[in-house]
Amino acid sequence: GPKSIAIVTGSNTGVGFETASGLAERGYHVILACRSRDKGEAAADRINRQLGSFKHNGEHLVSQHFVQGGSASFLRPLDLASFASIR
C-alpha cells in the first residue's frame, strides 16, 4: 500500500531528529519541518544515508540494503513563529 507520511517539526537536531529518523526506519516518508534550509537538507541526507537511500547528481538512488522503504525529505523552510512561513 501507500507509504504513511509524517511531518516532524524541529527535525534537524535532538529529539525531533531522532523522532524523524525512527519513523523513517519504520517505513514512513518523513517531511522535515525546520527553519533552516541548510540544516533541514543536511538532516534529510543524514537520515536517508542511514537508511541506505541517497541522491547522486540529483537522482534518487537506493542501495540493495534499503529494506524498510522509509525516507526523509525537506521541502522548504518553516518557522512556526512566523505566519508568513505557514501556508
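Relevant structure appears above.
All figures in this text were calculated on a predicted structure; none of them were measured in a lab. (Residues numbered from 1 in each chain as written. Predicted model: local features only at pLDDT ≥ 70, side-chain atom pairs only at ≥ 80, totals over all residues. Heavy atoms only, no water.)

1. Here we look at the overall build of the protein
Defined as follows: Numbered from the N terminus, helices here are DSSP runs of H or I no shorter than four residues, and strands are runs of E no shorter than two. Throughout, exposure labels follow a simple rule: accessible area from a 1.4 Å probe, protein chains only, divided by the maximum for the residue type, with under 20% read as buried, over 50% as exposed, and the rest as partly exposed. Contacts are assigned to residue pairs that have any heavy atoms within 4.5 Å of one another. Accessible areas in this description were obtained via Shrake-Rupley with a 1.4 Å probe; residue shielding takes into account the shown protein chains only.
Regarding its fold elements, the protein presents 2 helices and 5 strands. When the helices and strands of the protein are read in sequence order from the N terminus, they spell out β-α-β-α-β-β-β. When burial is assessed residue by residue, the protein has 36% of its 87 residues classed as buried. Intrachain contacts of the protein at a sequence separation of at least 6 include 57% that bridge at least 24 residues. Summed over its atoms, the accessible surface of the protein is roughly 5800 Å², and 52% of this surface lies on carbon and sulfur atoms.

2. Observations regarding helix 1 (residues 14-25)
Under the convention used in this document: Helix span, as expected, comes to 1.5 Å for every residue beyond the first.
Here helix 1 contains 12 residues, and its C-alpha end-to-end distance of 17 Å stays within 8% of the 16 Å for a straight helix at 1.5 Å per residue. Buried residues of helix 1: G16, F17, A20, S21, G22 and A24, and no others. Against strand 1 (5-9), strand 2 (29-33), helix 2 (37-51) and strand 5 (71-74) lie the buried residues of helix 1. Taken from the residues just after helix 1, G27 is the one with a positive phi, measuring 100 degrees.

3. Brief notes about the side chain of S73
Operational definition: Here a polar contact means two N or O atoms within 3.5 Å. Within protein one must be a hydrogen donor candidate and the other an acceptor candidate, and residues neighboring in sequence count only if both atoms are side-chain atoms.
With respect to the helices, strands and loops of the structure, S73 is situated in strand 5. According to the relative accessible area criterion, S73 is buried, its value standing at 17%. Side-chain polar atoms of S73 contact the side chain of H29, separated by 3.0 Å. Setting aside its immediate chain neighbours within four residues, S73 contacts H29, V30, I31, L32 and A44.

4. Things to note about the sheet that holds strand 5
The line we're drawing: A pair of strands counts as paired when DSSP detects no fewer than two bridges linking them. Throughout, an axis means a line fitted to C-alpha atoms (over the contacting stretch in the case of helices), and angles, computed between N-to-C directions, take values from 0 to 180 degrees.
On the basis of which strands lie adjacent, the open sheet formed by 3 strands has the order 1-2-5 and parallel pairing. Every interior strand has two partners, whereas the edge strands, strand 1 and strand 5, have only one. Between one strand and the next, the sheet's axes are offset by a mean angle of 25 degrees, whatever the strand orientation. Summarising the sheet, strand 2 and strand 5 pair through 4 bridges and their orientation is parallel. Across the sheet, I31 pairs through a bridge with S73, a residue of strand 5. Those strands touched by helix 1 are strand 1, strand 2 and strand 5, and its axis lies near 170 degrees from that of strand 1. Of the strands in this sheet, strand 2 and strand 5 are in contact with helix 2, which crosses strand 5 at around 165 degrees.

5. Focus on the pairing of strand 2
The following threshold applies: By convention, orient the strands away from the viewer: a clockwise path from the first strand over the helix to the second makes the crossover right-handed.
With respect to burial, strand 2 is a largely interior element, 4 of its 5 residues being buried. Pairing between strand 1 and strand 2: 5 bridges, direction parallel. Counted as the bridge partner of I5 is H29 from strand 2. Each parallel crossover has a hand, and for strand 1 linked through helix 1 to strand 2 it is right-handed.

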